[in-house]
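Chain and residue survey
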Amino acid sequence: MDLENQATIKKLSEEYGSENLMVVLGMPTDGLKIAVETLTKGDPSWAGPLAGVSLGLPVYHVLEEEIRDLIPSEIYEEKLKMMEIVLDLEKIESNLLEMRASNS
Amino acid sequence: MSNESKAYIHSATNILVHVPELVRYGSKCHREVEDSGESFLHALNKNLRSFKEVVSYPPNQAFIGNLNPDKLDKKSKPWFKNLLEGSSKEGVFGEILDQTTFYMLLKSADDFELFLLDSDFINSNNNYSPSAKKIFNEKFLNKGSKISAIEENIQLKGSLSIENKGELVGCFQSDHEKDESLDARILLENLSAKASGAFALNRMLVQDSIDPLSVEYIISCSEEAIGDRYNRGGGNLAKAIGEMVGCKNASGMDVKAFCAAPVYALIHAASLIQSKVVKNVVVVGGGSLAKLGMKAHFHMEKKMPVLEDLLGGVAFFLSSDGTAGTPYINLEIVGHHPIGSSSSPQEMIDSLVYKPLDKANLSVFDIDKFCVELHNPEITVPAGAGDVPLVNYKTIAALGVMKEKLTKEGIQDFILDKGMPGFSPTQGHIPAGVPYLGYAIKALKEGSFKRAMVVAKGSLFLGRMTRSADGVSVVVQV
Amino acid sequence: MDDRKVIIIGERDGIPGPTIAECLEASGREIVFQKTECFV
């Protein structure tokens, strides 16, 4: 994850408290694992401001069910539905399941 | 539309410049060296490729016209471990240049003596690429420096060390103490874009026997901001490139549109021709030094060589001369992404692909090949950046499914037929669909293709002036 | 999840930040940070 974004998110966590924040991601499957790990356990590449910093933020992908359910259906249909095919929703969901299981 | 009012595309050239010892000055590597010191530089130097490896690398052979991208996925992977023995640095429509020659080009591009180059280095090398040697500037090359003067310059002025095969051969200096826009690194980026762009242009002129004096107009689509502190992005690298190549009768300007610039440039070039402002236009794009080694950290972590060690360059020649059977830029099928459109991939691809084709009473099946952003996935996937061409093709296909023009089961075949694997270095604007044009022009002339669609996107949000993305497309056909 | 403020990290070659923001704003969520990453 971009180092400047890491720094901003760290600052926001300090300002609002991690318990008052959630993160919603839009990346394809490839970058997802690193992004989730960075925002929960800390930057695995040890390169950024979140190196060794466990923010423990709840992290979601915009296409997964909990977030889908928040979005009005006509807007989801217009802006996101197609991306379920492009980004392989099944793979995203299974990757997230795996990551959450290893975190708990 | 009469023949006279078409803008025919005659030539396409793709060049690569291997600059392993300039990777350290790419934006990301430069910051890593500043933060981690010599240890990162040492690691970087241990993971650089040789010129022979670069020439034999399958995607690079595809880039210069020697291996149709359709055949690339049949080559054993990983490509960096399965090099093509016996490959040539000369391509059907391009060339791969070595670092030594590039340093000579950089010096030849240097009107302001920013680049001090060792006289012994200048005089001891030979066997240069003819296309490069033709634009050497003997007057500038006669102004070589002693190594002692170079060392002193580095020590006193903090100039950038320039090495070749591990030895100091030069330095690159700032041109103003107080002007950040004229800092050594910025000027090195700009001069590299100029020199690589000039090489691409000259290679094309030589390749297709086009007299430089016949060129009327040049459009550069390079991404560097050419200017000083009062005009940071003033531009017109086009004229600097044209001057270096001897296009004395040409004028020109730059198109600035992030990575979508080459396609905008083609559209504007065609518009100038079709409206009879000029009879011919060259579109040229120089390489992006800032992007060298952007993912070096990821490549080294995965025990891969640093694959972002190449500057890319492209050049295209368009004119009003042509007949039936000559490919032309069809200005009646242009896709724009309006400001009011959202950046959602769905709406972007609808604007760029489906709407312009619908307007022309065509479907996606009337396009033989979609030339999308063609970043080499072997470079991007290890860094978590995904397979960019594949995502683009899936998006075109997926929207087709939503519009009931194809089935979900048909997506794979659609991509195989109308798509291709990425093969371009990650040089920003260079991969933006246009690297395939050399192949498209050939197929269109031979009659195996009727139409190719070039689709490019730009990340405007990176400049912090808008959160929007951008895109543009055009059809090339016979 | 109800009261949590939202940080959005989109990606140019996935789903960009503004698209995610349009969807979540429609649900009434407050967005405190939105960025689109681009790795090419």
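Small disclaimer: the values here were computed from a predicted structure and weren't measured.

**Focus on the nonpolar core**
- Formed by 194 residues in total, the largest nonpolar core has its most connected members in A:Val24, B:Val263, B:Ala269, B:Val283, B:Phe316 and B:Leu318.
- The biggest single contributor to this core is helix 10 (residues 184-207) of chain B, with 12 residues.
- Mapped onto the domain boundaries, this core takes at least three residues apiece from domain 1 (15-209 + 283-319) and domain 2 (328-477) of chain B.

**What about unusual backbone geometry?**
Residue and element names in this part refer to chain B.
- Note the cis peptide between lysine 77 and proline 78, where omega equals 0 degrees.
- For glutamate 113, which is not glycine, the phi dihedral falls at a positive 50 degrees.
- The phi dihedral of asparagine 361 is positive, around 55 degrees, even though this residue is not glycine.
- By secondary structure assignment, the location of asparagine 361 is in the loop between helix 14 (345-359) and strand 12 (369-371).

**Looking at the interface of chain A and chain C**
- Counting from both sides, the interface comprises 27 residues of chain A and, opposite them, 25 residues of chain C.
- For the side of chain A that touches chain C, the per-class residue count stands at 20 nonpolar, 5 polar and 2 charged.

**Description of the domain arrangement of chain B**
All names here are of chain B.
- Taken domain by domain, chain B holds domain 1 (15-209 + 283-319) and domain 2 (328-477).
- Computed over C-alpha atoms, the centres of domain 1 and domain 2 are 29 Å apart.
- Contact with domain 1, which involves 32 residues of that partner, is made by 22 residues of domain 2.
- When residues of the side of domain 1 that touches domain 2 are traced back to their parent elements, those giving at least two are helix 4 (58-63), helix 13 (296-301) and strand 10 (310-319).

**Details of the pairing of strand 2 (residues 31-37) of chain C**
Residue and element names in this part refer to chain C.
- In this structure, strand 1 (residues 5-11) lies alongside strand 2, joined through 6 bridges in parallel fashion. Among the inter-strand pairings, glycine 10 is bridged to a residue of strand 2, identified as threonine 36.
- The handedness of the strand 1 to strand 2 crossover, carried by helix 1 (residues 17-25), is right-handed.

**Structural notes on the environment of B:Asp368**
- Tracing the backbone shows B:Asp368 in the loop between helix 14 and strand 12.
- Apart from the residues within four sequence positions on either side, B:Asp368 is in contact with B:Phe449, B:Lys450, B:Arg451 and B:Ala452.

**A word on the interface of chain B and chain C**
- Counting from both sides, the interface comprises 18 residues of chain B and, opposite them, 12 residues of chain C.
- When its residues are assigned to classes, the side of chain B that touches chain C shows 8 nonpolar, 9 polar and 1 charged.

**Notes on the packing of helix 5 (residues 99-108) of chain B against helix 10 of chain B**
Residue and element names in this part refer to chain B.
- Where helix 5 contacts helix 10, the axes come no closer than 9 Å and their chain directions differ by 110 degrees. It follows from the interaxial angle that helix 5 and helix 10 lie roughly perpendicular. Between helix 5 and helix 10, the contacting residues are Phe102, Leu105 and Leu106 on the first element and Leu191, Ser192, Ala195 and Phe199 on the second.
- Of the residues contributing to the contact of helix 5 with helix 10, the split by class is 6 nonpolar, 1 polar and no charged.

**Quick notes on the sheet that holds strand 1 of chain C**
- Strand order across the open sheet formed by 4 strands is 2(A)-1(A)-1(C)-2(C), with parallel pairing between neighbours. Each edge of the open sheet is held by one strand with a lone partner, namely strand 2 (59-61) of chain A together with strand 2 of chain C. Across the sheet, the axes of successive neighbouring strands diverge by a mean angle of 20 degrees, strand direction being ignored.
- Pairing geometry for strand 1 (residues 21-25) of chain A and strand 1 of chain C, over 5 bridges, is parallel.

**Overview of the sheet that holds strand 4 (residues 115-117) of chain B**
Residues and elements named next belong to chain B.
- Strand order in the open sheet made by the 3 strands is 4-6-5, with antiparallel pairing throughout. Because the sheet does not close on itself, it has two edges, and the strands there are strand 4 and strand 5 (160-164). When the angles between neighbouring strand axes are averaged without regard to direction, this sheet yields 35 degrees.
- Pairing analysis gives 5 bridges linking strand 5 to strand 6 (residues 167-172), with the strands arranged antiparallel.

**Things to note about helix 5 of chain B**
- The element helix 5 of chain B is extensively covered by neighbouring structure, given that 9 of its 10 residues are classed as buried.
- Those residues of helix 5 of chain B lying buried are B:Gln99, B:Thr101, B:Phe102, B:Tyr103, B:Met104, B:Leu105, B:Leu106, B:Lys107 and B:Ser108.

Cut-offs and rules
Residues numbered from 1 in each chain as written. Chains lettered and ligands numbered in written order. Predicted model: local features only at pLDDT ≥ 70, side-chain atom pairs only at ≥ 80, totals over all residues. Core = buried A, V, L, I, M, F, W, Y, C linked by C-beta atoms within 7 Å. Buried ≥ 20, exposed ≤ 12 C-beta atoms within 10 Å, placed from the backbone. Helix = DSSP H or I, 4+ residues; strand = E, 2+ residues; numbered from the N terminus. Domains from an automatic or database assignment. Contact = placed C-beta atoms within 7 Å. Nonpolar A, V, L, I, M, F, W, Y, C, P; charged D, E, K, R; others polar. Pairing = 2+ DSSP bridges. Right-handed = clockwise from strand over helix to strand, strands pointing away. Axes fitted to C-alpha atoms, helices over the stretch in contact; angles between N-to-C directions. Parallel < 35°, antiparallel > 145°, perpendicular 65-115°, else oblique.

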